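As a plain string of letters, each chain reads:
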Amino acid sequence: MPPRNHNTWLKKPSVEYISSEIYSSHAIYKQEQEDIFSKVWVPVCHLSEMYNKGDYRTTQIAGQNVIAWNTGNGLKAYMNSNIYQPAGNITTADFGKELPCEVKHGQMVWVTLDPNPTQSVEEWTAGAFDCITDAIDTEELEVFHYHKAVIDTNYKLWHDTNSEFYHDFMHYFNRVSGFNDEYFARKNIPFDNGHVNVSSFTVNYEEYDGFEDRGELSFPNLPPNQWYMVDLFPGFNFNLRGSAYRSDTVTPLGPNKVLIEFRGYGLRKDTKEERETRIKHHNSIWGPFGRNLHEDLIGVAGQGTTMREGTEPRNILHGRHENGTIHDEIGMRHYYEKWGDFMGMSPSLPLAA
Ligand SMILES: [Fe+2]
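Keep in mind it's a predicted model, so treat the numbers as computed, not measured. Here, residues in each chain are numbered from 1, in the same order as that chain's written sequence. It should be noted that, the model being predicted, local features are given only for residues of pLDDT at least 70 and side-chain atom pairs only at 80 or more, the latter also being counted only at that level, while totals for whole chains, interfaces and linings use all residues. Note that water and hydrogens are dropped before the side-chain values are worked out from all heavy atoms of the structure.

Trainee: Requested: an account of the sheet that holds strand 16 (residues 257-267), with residues and values cited.
Mentor: Should DSSP find at least two bridges between two strands, the strands are regarded as paired. Helix and strand definitions here come from DSSP, where helices need a minimum of 4 consecutive H or I residues and strands a minimum of 2 consecutive E residues; each element is numbered from the N-terminal end. With respect to topology, seven strands assemble into an open sheet ordered 10-16-15-14-13-12-11, the strand pairing being antiparallel. Sheet topology places strand 10 (141-151) and strand 11 (188-191) at the edges, where each strand pairs with a single neighbour. Across the sheet, the mean angle from the axis of one strand to that of its neighbour is 15 degrees, orientation sign disregarded. Taken together, the three bridges between strand 12 (residues 195-198) and strand 13 (residues 227-232) define a ladder with antiparallel strand orientation. Across the sheet, residue Val198 finds its bridge partner in strand 13, namely Met229. In what follows, a contact means two residues having at least one pair of non-hydrogen atoms within 4.5 Å. For helices, the fitted line uses only the C-alpha atoms of the stretch in contact; every axis is such a line through C-alpha atoms, and the angle between N-to-C directions lies from 0 to 180 degrees. Contacting strand 10, strand 15 (244-254) and strand 16, helix 10 (residues 293-306) runs over the sheet at an angle of about 30 degrees to strand 10. On top of the sheet, helix 11 (residues 330-343) reaches strand 11 and strand 12; it is set at about 15 degrees to strand 11, its chief contact.

As structure tokens, this is what we get:
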């Protein structure tokens, strides 16, 4: 076989692929804000962050300032807020245009910039949460952890890393505790609107030195040491590792910059000891000094470095077909098909005139 060079790599691949231009083009980033983020339901925060009358949380959706506010008579969301503190309490306010707002799926607060959404949150999520509904909607949840990170990468690369599992080989902890027969049989299950979930399996936590079985504090109706993942279009992840639940949400800031907000959850009724253990379980995987999260962030920052605006485009293959099992790329193929529908362009030839 002759040596390969960049011309070889730029040839049209024989399997499914997308163009790296969708990660590096400023024009595509701007269009995504208009054609995707301005249209979809966005999980902006959690009900437990705003229990009291007057509590609020602010965020941005597609560059618009948005505030979710506990009026004392239900939650409401507004745009054009001139409040910039991320959280606080105000008793009276005059915010102007009201936005659609729902509390759904483990008491997340969902907001959309679309003034007349054609789908409810339930319809939009299309069954993607069904696998964990009994675990997250039986008891009230409570946020015990919040941090955010601004990462030099495209938001879709972050979502990709939640969608594909072959990067698990990067996670030493997962290799030790998770690479059993059940793991390799996990299925990626696509749902309408570009969502995917990844079926559960049993993690052997005690295989990792110093870690212990987590079955005792499993979320309601969940067998011991299970691990479910819900990847919601266009960039929201819900991750249930038996005794601790995590969400991460993206706010794209540019083609190669994204704000990611991480929340960790326990049950509101937790005793002090239960909560401490859940926090320990959460942080040991996903805290800044945990086993996995920083590895994911380093991975996507490295990908971002190679795909900055002006870099040579290349084709990214999504051709693994393995009966939908854990390392099949069906999740990304499903996502980018929906992405193409929203954007009115092919992710393989995005800038074709
Ligand atoms: Fe990971």
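Trainee: Any details on the packing of aromatic side chains? Residues and values, ideally.
Mentor: Note on aromatic pairs: each is described by the distance of the centres and the angle between the planes. Pairing of aromatic side chains requires ring centres within 6.5 Å, counting the rings of Phe and Tyr and the six-membered ring of Trp. Pairs whose planes differ by under 30 degrees are stacked, by over 60 edge-to-face, and all others tilted. What the rule picks out here adds up to 27 aromatic pairs. The interplanar angle of 65 degrees and the centroid separation of 6.2 Å between the aromatic rings of Tyr172 and Tyr208 together place this pair among those described as edge-to-face. In this pair, Tyr172 is assigned in helix 7 (residues 172-178) and Tyr208 in the loop between strand 12 and strand 13, connecting sequence segments 36 residues apart. With centroids separated by 6.2 Å and ring planes inclined at 35 degrees, the aromatic side chains of Phe173 and Tyr205 adopt a geometry described as tilted. Residue Phe173 is found in helix 7, and its partner Tyr205 is found in the loop between strand 12 and strand 13; the two are separated by 32 residues along the sequence. Residue Phe173 shares its accessibility class with Tyr205, and that shared class is buried. Members of the aromatic cluster, each reached through a chain of ring pairs, are Phe165, Phe169, Phe179, Tyr183, Phe184, Phe201 and Trp227. The criterion is that NZ of a Lys, or CZ of an Arg, lies within 6 Å of the ring centre and within 35 degrees of the ring normal, and then a charge sits over that ring. The ring centre of Tyr146 lies 5.0 Å from the NZ or CZ of Arg57, which sits over that ring. To sort residues, take the accessible area from a 1.4 Å probe on protein chains only and compare it with the maximum for the residue type: under 20% means buried, over 50% means exposed, and anything in between is partly exposed.

Trainee: I'd love a proper account of the pattern of salt bridges, names of residues and values included.
Mentor: A carboxyl oxygen of Asp or Glu within 4 Å of a side-chain nitrogen of Lys or Arg is what we treat as a salt bridge. Applying the stated criterion across every chain, the model contains 16 salt bridges. Here Lys269 ties to Glu139 by a salt bridge, and the two come within 3.3 Å at their closest N and O atoms. Here Glu139 lies in the loop between helix 5 (133-136) and strand 10 and Lys269 lies in the loop between strand 16 and helix 9 (272-286), a separation of 130 residues in the sequence. What makes Glu139 partly exposed here is its relative accessible area of 25%. Residue Glu140 is joined to Arg268 by a salt bridge in which the shortest nitrogen-to-oxygen separation is 3.1 Å. With Glu140 in the loop between helix 5 and strand 10 and Arg268 in the loop between strand 16 and helix 9, this pair connects stretches of sequence that are 128 residues apart. Three or more residues joined by partner-sharing salt bridges are found here, namely Glu142, Asp270, Arg275 and Arg278.

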